[in-house]
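# Examining the three-dimensional arrangement
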Amino acid sequence: METEKLRWYQDAIFLELNVRAYKDSNGDGWGDLEGVRSKVGYIKSLGVDAVWLQPIMPSPLNDDGYDVSDFRNIFHAYGTIDDFKNLVEAFHEHNIKVIVEIIPNHTSEEHPWFQASRDPNHPEYEKYKDYYVWADNDKGYPDARIIFLDTEPSNWSYDEKRGQYFWHRFFASQPDLNYDNPAVQQEMLDIVRFWIDLGADGLRIDAPPYLFEREGTNCENLPETHAFLKRMRAFVDGYNPDVLLLSEANQWPEDVIEYFGDGDEMMMNFHFPLMPRLFMALAAQDAEPIKKILERTPDLPEGCTWGTFLRCHDELTLEMVTPEEREWMWQVYAPDPNQRRNLGIRRRLAPLMDGDIRKILLMHSLLLTMGGAPFLYYGDEIGMGDDIRLFDRNGLRTPMQWDDSKNAGFSDAPKEKLYAPVIDFGEYSYTKVNVAAQEADPSSLLNQLRHLIAVRKANPAFARGSFSWREFVSGKQTVVAYDRILDSERILVLNNLTDRQVTGALPEDNGKYIDLVTGKQIATGELTLQPYEFLWLISAG
Ligand code: OTU
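Just so it is clear, the structure is predicted and the values come from calculations on it, not from any experiment.

## Thoughts on the site of the ligand
As a matter of local geometry, the ligand sits amid 19 residues, with D63, F170, D206, D314 and E319 nearest to it. D63 places a side-chain nitrogen or oxygen 2.6 Å from an oxygen atom of the ligand. Within the contact set of the ligand, an oxygen atom lies 3.4 Å away from a side-chain nitrogen or oxygen of Y210. Considered on its own, the ligand offers 490 Å² of accessible surface; in the complex 99% of this is hidden by protein. Within the shell around the ligand, the residues separate by chemical class into 6 nonpolar, 5 polar and 8 charged.

Listed below in structure tokens is the structure:
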């Protein structure tokens, strides 16, 4: 792979976090930018290179900030624009980049544009009347699927004031912007510039497949949408070419590849098809699903990379699997129907792994060594649990568990003022699962992950070496085995997907190996992996 023109994000490890959930600095029960700033040292200690802040703009929070009511300001409980600048400065002092969320597809219904657009008596109606997608009936674009299946009966909703229907791919409180209107396109480019000017090193472009609508199509991945995204890229390249455009197109590999263009569109996209297959492979104790999807994954243009992840703030989406695979995944990982949401599973990583630290680490071994830029989700590094009694995906977004003091050290506010309850029950209670306890324990998940991240960073072959499959047990795929090779660095990775010991043969061709995680020397020949054990072995010549 090309190493000369390596861009900062191609090697980076990212942490996704929700400001609301991280640390409350002023005792109002809500996390805020100052709170995050007080934790920059902790974030640095994880070894991450970049932080993705989930939406921080003003919003009625019907979709947790993905329903923006003002693209040029900060949600009141999180602080001010100055707090944002201070936070960016603090991250930059620690050499950590900051990614801000841009939601181009829709706004909140409370956005002034929509308020003007829906009301013919509004003084600015003429200016904004075509900012959204309006129609006289709800018959248009019948081939577009409904994404939020659990709550939305239709992609159209009727607006009394305007006397027309408006189009929305997500909640009805999130009307879609009309990209056929050049003014809307320009607004979005201006908003991109606004956040770059404030110091953002990258922008996560939310839900890009849905920007345009065309009759007779499913209204996803349209050529017009790609044309606009290319325009955004050209603008960013001209304005500040170091800024990362990270797109979130939840699509099959052959459709996602279009979002990279010829290296002239988005620089990174999440690998949505790979993610569920990591969980499938573990449950099936068979590497086949991973192999198949990587075979279907095209090479990327230069300067581009995949964002890889295990979990995020959304449900573990099963949109990019077959209906049969989805049924099976639900049975295995979401036996309680209440754990299911839309076409996915609303659970965190640790509970999905039955709290088994061996399985949690094994999944991170896959995440950190298969290539791409890995994303961690806040709290998963200590094995936080979820609270499925909370509505929608909120159970995955509970306060960060810092220690075993009041409110898990998240906030000084009275318990009832917290934006969401701290997890205070069961095996994931903050009294048992928290940062302070794990800091003190060298064998904790937190400390083991820190070590794995450090090893991954010290060996660039993990990020950008060539990838080739190896066989460990003849004729069987119970161990995910592959080589990562970069120049003279040659690493063999073995991941035992099973709950049993597996004996196989280490290839003799490389002489001896060093275990990168323990530093121990390993002889070639027969080797037994313990249940869920993984090894990162570098050839020592
Ligand atoms: C994204 O979601 C965000 O991550 C969600 O938190 C928002 O609710 C949503 O946009 C609306 O702004 O559109 O192309 O399948 O991947 O809902 C992907 C689950 C999206 C998510 C999907 C997603």
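## Points about the pattern of salt bridges
Inspection of the entire model under this criterion finds 36 salt bridges. Here R341 ties to D392 by a salt bridge, and the two come within 2.9 Å at their closest N and O atoms. Of the two residues, R341 is situated in strand β12 (residues 340-341) and D392 in the loop between β14 (373-377) and α15 (435-439); the sequence distance between them amounts to 51 residues. Judged by relative accessible area, which is 7%, D392 ranks as buried. Close ionic contact of R389 with D387 constitutes a salt bridge, the shortest N to O distance being 3.0 Å. With a relative accessible area of 62%, R389 lands in the exposed category. Each of R20, D63, D64, D150, D314, R341, D392, R393 and R397 takes part in a single network of salt bridges with overlapping partners.

## Points about the domain arrangement of the protein chain
When its domains are assigned, the protein chain resolves into domain 1 (2-104 + 182-455), domain 2 (112-167) and domain 3 (465-539). Facing the 24 residues of domain 1 at the interface are 22 residues of domain 3. For the pairing of domain 1 and domain 3, the buried interface totals around 2100 Å² over both sides, and the portion due to carbon and sulfur atoms is 65%. Among the residues domain 1 hides against domain 3, the three largest losses belong to Q285, L362 and T369. Together they make up 29% of the total.

Calculation rules
- Residues numbered from 1 in each chain as written.
- Predicted model: local features only at pLDDT ≥ 70, side-chain atom pairs only at ≥ 80, totals over all residues.
- Heavy atoms only, no water.
- Near = heavy atom within 4 Å.
- Polar contact = N/O pair within 3.5 Å; in protein donor to acceptor, adjacent residues only side chain to side chain.
- Areas by Shrake-Rupley, 256 points an atom, 1.4 Å probe, with all protein chains shown as cover.
- Nonpolar A, V, L, I, M, F, W, Y, C, P; charged D, E, K, R; others polar.
- Salt bridge = Lys/Arg side-chain N within 4 Å of Asp/Glu carboxyl O.
- Helix = DSSP H or I, 4+ residues; strand = E, 2+ residues; numbered from the N terminus.
- Buried < 20%, exposed > 50% of the residue type's maximum accessible area, 1.4 Å probe, protein only.
- Domains from an automatic or database assignment.
- Contact = heavy atoms within 4.5 Å.
- Buried area = accessible area lost by both parts, 1.4 Å probe.

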